[in-house]
Amino acid sequence: MSSPKQMPRIAILISGRGSNMRALIEAASQAKFPAEISLVLSNKPQAGGLEYAQSHKIPTSVIDHRRFEDRETFEQALDEVLHKAKIDLICLAGFMRVLTPWFITRWQGKLINIHPALLPSYKGLHTHERALADGVKIHGCTVHHVVPEVDAGPIIAQAAVPVLENDTAETLGARVLAAEHKLYPLALQKFLKKNFDISQKSDPNSQLISV
Ligand code: GAR
């Protein structure tokens, strides 16, 4: 059943601790937030974020990818659960499975991701280590649309953080993660304003993307 408020219904997909998921849940708990988090779904039964979602009365689902013989049958199960829950928009938040063009095409324009680097720099994994090895002075994070090419979709919003003299991958990663937690809710609101009819419900004075 769709919600009585008729707000867009969001699913957050996670694979681990879910700190970005938590930031989104906290933002969406504000009365003026123009969407509701209707489902948290993990491909890993042990994902830490599941417990937090459950404690906030958000329905959770686990679809363990190891139970499926290939990516597409896994994604068919994923797709079915998302449709049953009447999901309008998917936020990937540390979901560490590459999705196939089949799934991405089905959810085109309704599938966004957060990546721990200033795309198009540092696509893929180990972004903080690579940024340090290159000696860049600015690093950050990006919320972007998901397209079949990994980490290549149109950018919705970015936040930059300085790279400091004695940074390690851990200290830099922690600074980027703190920026992610601010960026994702703001980028999601920006996306919702642009793509859903929420003009009545959103705050016209809210400042978007001011990380
Ligand atoms: C975050 O840093 C996110 O940007 C990254 O995984 C971490 C998940 O942390 N995602 C990717 O690298 C996707 N390619 P979280 O589970 O605490 O949100």
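None of the values given here were measured: they were computed from a predicted structure.

J.: Would you mind showing me how to read the overall build of the protein here?
T.: Within the protein, the regular secondary structure consists of 6 helices and 7 strands. N-terminal to C-terminal, the α/β element order of the protein is β-α-β-α-β-α-β-α-β-α-β-β-α. A globule of 211 residues ought to have a C-alpha radius of gyration of about 17 Å, and the protein, at 17 Å, matches this closely. When the backbone C-alpha atoms are referred to their principal axes, the protein occupies close to 55 × 50 × 30 Å.

J.: What is the right way to read the packing of helix 5 (residues 127–134) against helix 6 (residues 169–195) from this model?
T.: As a packed pair, helix 5 and helix 6 sit with axes 9 Å apart at the nearest point and diverge in direction by 115°. In the crossing of helix 5 with helix 6, the sense of the turn from one axis to the other is right-handed. Across the interface between the two elements, His 128, Glu 129 and Leu 132 from helix 5 touch Ala 169, Leu 172, Gly 173 and Val 176 from helix 6. Across the contact of helix 5 with helix 6, the residue classes tally to 4 nonpolar, 2 polar and 1 charged.

J.: Help me understand the sheet that holds strand 5 (residues 111–115) in this model?
T.: Consider a sheet: its strands pair through backbone hydrogen bonds, and that pairing is either parallel or antiparallel. With mixed pairing, the 7 strands of this open sheet are ordered in space as 3-2-1-4-5-6-7. Strand pairing shows two members of the sheet lacking a second neighbour, strand 3 (60–62) and strand 7 (155–162), which therefore form its edges. Neighbour to neighbour, the strand axes of the sheet diverge by 20° on average, direction disregarded. Both strand 4 (residues 89–92) and strand 5 contribute to a ladder of 3 bridges, which runs parallel. If you follow Ile 90 over to strand 5, its bridge partner there is Leu 111.

J.: Even after reading the chapter, I still don't get the packing of aromatic side chains, so can you show me in this structure?
T.: Both the distance between ring centres and the angle between the ring planes are used here to describe each pair of aromatic rings. Tallied over the full model, the rule gives 3 aromatic pairs. Lying across the ring of Phe 74, Arg 97 places its NZ or CZ 6.0 Å from the centre.

Rules used in this analysis
- Sequence order as written defines residue numbering, which begins from 1 separately in each chain.
- Residue-level local features of this predicted model are given only where pLDDT is at least 70; pairs of side-chain atoms are given and counted only at 80 or more, and the full residue set underlies all totals for whole chains, interfaces and linings.
- Hydrogens and water molecules were not included; the side-chain quantities draw on all heavy atoms of the structure.
- In this description a helix means any DSSP run of H or I spanning at least four residues, a strand means any run of E spanning at least two, and both kinds are numbered starting from the N terminus.
- Computation of the radius of gyration draws on C-alpha atoms alone. For the globule rule, the value is 2.2 Å times the number of residues to the power 0.38.
- Geometry is summarised by axes, namely lines fitted to C-alpha atoms with helices restricted to the contacting stretch, and by angles between N-to-C directions that run from 0 to 180 degrees.
- Note on convention: the crossing is left-handed when the near helix lies turned anticlockwise from the far helix by less than a right angle, right-handed when the turn is clockwise.
- By definition in these notes, contact holds between two residues if any of their heavy atoms fall within 4.5 Å.
- Only Asp, Glu, Lys and Arg are considered charged in this grouping, and only Ala, Val, Leu, Ile, Met, Phe, Trp, Tyr, Cys and Pro are considered nonpolar; every other residue, Gly among them, is considered polar.
- Paired strands, in this sense, are two strands between which DSSP finds at least two bridges.
- Aromatic pairing here means that ring centres of Phe, Tyr or Trp (its six-membered ring) are within 6.5 Å. Orientation follows from the plane angle: under 30 degrees is stacked, over 60 is edge-to-face, and everything else is tilted.
- Sitting over a ring, as applied to charges here, requires NZ of Lys or CZ of Arg to be within 6 Å of the ring centre and within 35 degrees of the ring normal.

Just geometry here; none of it tells us what the structure is for.
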